[in-house]
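# Geometric and topological summary
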Amino acid sequence: MPSFFSPQPWLMPFAPVGRCSQRSPCFVTNSVVLQRSVARPRVTRFDRMALVALATLRRHCGTTTRNPSARAATRRVSSVDQSSTELPEACTCSAVAIRVQVVAWCTDAGIPLADPTKLEPVLFAYFSVKRRLIEPHPRGVKWSRELSARTVTDSQGEALSLIERQAREGVNLTPRLSKSILDPEFNDGLLEDWGIHHMHLSNKVQANGFVERDGPLLFVMVHPETMFLVDLRDHDSFADDELLQIVHDNWPDAIADFRAPGAVPGSLSPQLSPTSRRKARKRLTVGWQAADGTIYLPPGGGTTTSGLSPEVVDAADDLRRKAHNAEEWVRKSAERIRDAIAERTGARVEELRMKFVLRDPLSILETQTNAVIPLRFDPATVPLLHDD
């Protein structure tokens with residue numbers, strides 16, 4: 001019986017989950033007891049439970065099956081002009097159009113790309129960086145009790161107040177993040193495991209655009225509408241259980257979606273030391289147990305066996321699928337699109353010249369009239385034309 005199981009005689013080992021790949025499930029080294037009956041509860045490998053539980057969550061941990069049509073579209077683009085971002089009606093080039101758009105975004109942002117001619121690594125790089133950035137828009141700010149009770153120096157207090165004001169005003173906070181944040185190969189274990197960023201307090205901006213690296217770090221959890229200021233700690237605290245414990249104690253609703261469904265409180269085994277957690281974060285997804293026994297799946301989504309975040313893999317697959325579906329829809333709905341553009345702009349175009357616009361939702365721009373068509377997908381993945 002594998003050593004990661006507790007020694008109770010009723011625990012049964014499970015078969016291997018699958019082969020290692022960048023799309024394989026997240027492998028883990030701990031287990032948890034699920035409540036089935038008082039007499040004979042059962043244990044499941046955390047990765048198997050994660051695949052079931054996180055399938056229903058907003059930020060789920062797992063893999064998606066690539067659309068066969070998207071694969072076919074990717075194979076067909078080899079003969080297409082790869083310097084153009086437009087989508088002529090007579091050309092199948094959704095993969096090329098998306099790649100060119102993403103490469104342009106990465107170039108503008110100063111993100112190095114190992115091979116800008118290949119779509120998949122380009123998308124992985126794009127989404128890896130995007131998920132590490134804090135989108136600059138106004139948010140509410142909440143301080144933990146632990147941070148509020150800390151005695152800080154005048155400069156630290158001024159920095160904390162400035163960070164709060166910047167978050168409330170929607171100022172770009174990238175200069176305070178890690179200097180490696182624009183490196184697609186950078187593995188931010190703290191963010192991918194617990195969903196927590198770390199920020200530097202200095203207000204002196206260096207020539208590279210980042211603030212000076214000094215003193216304690218501010219650890220924060222960022223949600224779309226709220227930034228939670230967790231605590232001030234040193235550079236050796238990235239795997240300290242107290243960080244997530246503070247979130248659990250102060251804002252349990254912020255990570256409630258990641259509570260392990262059906263898990264018997266206190267049954268996570270083994271519980272990793274900070275040193276072991278740092279090592280595990282490189283290729284494994286591990287659970288976490290609060291002081292009161294509450295068991296959580298990784299609020300940051302975890303890590304696949306390739307070292308990629310499963311959210312990155314899912315986002316890349318999702319964009320390729322949507323782009324292909326959108327292209328197919330444009331071909332089938334060309335006349336309808338012409339009529340809609342003529343009705344809204346007063347200009348009738350005989351040949352549509354379209355290109356993708358990377359935003360949410362994915363949109364298409366008709367370049368001659370600057371008409372934007374936001375694409376939304378119903379449960380059957382059929383895109384519909386909507387007013388912008």
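Residues numbered from 1 in each chain as written. Predicted model: local features only at pLDDT ≥ 70, side-chain atom pairs only at ≥ 80, totals over all residues. Heavy atoms only, no water.

### Digging into the pattern of salt bridges
Under the criterion given, the structure shown has 15 salt bridges. Salt-bridge contacts for K118 lead to D115; the nearest nitrogen and oxygen are separated by 3.9 Å. When the shortest N-O distance is used, the salt bridge between E164 and R168 registers 3.0 Å. Highlighted residues: E164 and R168, both in helix α6 (residues 154-169), separated by four residues, approximately one helical turn. A relative accessible area of 18% places E164 in the buried class. (Salt bridge = Lys/Arg side-chain N within 4 Å of Asp/Glu carboxyl O. Helix = DSSP H or I, 4+ residues; strand = E, 2+ residues; numbered from the N terminus. Buried < 20%, exposed > 50% of the residue type's maximum accessible area, 1.4 Å probe, protein only.)

### Considering the packing of aromatic side chains
For the structure shown, the criterion picks out six aromatic pairs. Look at W105 and Y126: their rings are 5.0 Å apart centre to centre, the planes differ by 90°, and that puts the pair in the edge-to-face class. Taken together, the residues W105 in helix α3 (residues 94-109) and Y126 in helix α4 (residues 119-132) connect sequence positions 21 residues apart. When its relative accessible area of 27% is taken as the criterion, W105 is described as partly exposed. For the ring pair F228 and W251, a centre distance of 4.9 Å and an interplane angle of 45° mean the geometry is tilted. Of this pair, F228 sits in strand β7 (residues 226-233) while W251 is found in the loop between α8 (241-250) and α9 (274-280), placing the two residues 23 residues apart along the sequence. Taken together, the ring pairs connect W105, Y126 and F127 into an aromatic cluster. (Phe/Tyr/Trp six-rings, centres within 6.5 Å; stacked < 30°, edge-to-face > 60°.)

### Looking at the pairing of strand β10 (residues 353-357)
The side chains of a regular strand alternate between both faces of the sheet. In terms of strand pairing, β10 meets strand β11 (residues 363-366) through four bridges, oriented antiparallel. Counted as the bridge partner of K355 is L365 from β11. (Pairing = 2+ DSSP bridges.)

### Some details on the packing of helix α10 (residues 310-332) against helix α11 (residues 334-345)
Where α10 meets α11, the axes come as close as 5 Å, and the angle between the chain directions of the two elements is 80°. Regarding the angle of α10 to α11, the classification is roughly perpendicular. On α11, the residues that touch W329, V330, R331 and K332 of α10 are A334, R336 and I337. Of the residues in the contact of α10 with α11, the class split is four nonpolar, no polar and three charged. (Axes fitted to C-alpha atoms, helices over the stretch in contact; angles between N-to-C directions. Parallel < 35°, antiparallel > 145°, perpendicular 65-115°, else oblique. Contact = heavy atoms within 4.5 Å. Nonpolar A, V, L, I, M, F, W, Y, C, P; charged D, E, K, R; others polar.)

### Quick word on α4
With 14 residues, α4 extends 20 Å from end C-alpha to end C-alpha; this agrees with the ideal 20 Å at 1.5 Å per step. The buried fraction of α4 is high, at 11 of 14 residues. Where α4 is concerned, the buried positions are L119, V122, L123, F124, A125, Y126, F127, S128, V129, R131 and R132. (Expected span 1.5 Å × (residues − 1).)

### Comments concerning α8
Burial analysis of α8 places seven of its 10 residues in the buried class, the great majority of the element. Along α8, the residues that are buried comprise L243, L244, Q245, I246, V247, H248 and N250.

### Digging into the nonpolar core
Residues I98, L123, I337 and F356 are the most contacted members of the largest nonpolar core, which totals 35 residues. When residues of this core are traced back to their parent elements, those giving at least two are α3, α4, α10, α11, β10 and β12 (371-377). Looking at this core element by element, the count peaks at eight residues for α10. Counting residues in each nonpolar core, the second largest holds 20 residues, with M221, W288, A290 and Y296 among its members. (Core = buried A, V, L, I, M, F, W, Y, C linked by side-chain atoms within 4.5 Å.)

### Considering the sheet that holds β7
The strands making up a sheet are joined through hydrogen bonds of the backbone, oriented either antiparallel or parallel. Pairing in this open sheet of four strands is mixed, and the strands run β4-β7-β6-β5 from one edge to the other. One side of each edge strand has no neighbouring strand; the edge strands of this open sheet are β4 (140-143) and β5 (197-200). Between one strand axis and the next, the sheet turns through 35° on average, direction left out of account. With four bridges joining them, β5 and strand β6 (residues 217-222) adopt antiparallel strand pairing. Counterpart to M199 in the pairing with β6 is L218.

### Considering the confidence of the model for the chain
For the chain, per-residue confidence averages 76 on the pLDDT scale, and 73% of positions sit at 70 or higher. Between residues 36-92, whose pLDDT stays under 50, and residues either more than four places distant or in other chains, the model counts 148 contacts. Here residues 378-384 is modelled with pLDDT under 50, and outside its nearest four sequence neighbours on either side it reaches 13 contacts, counting other chains as well. (pLDDT = per-residue confidence, 0-100.)

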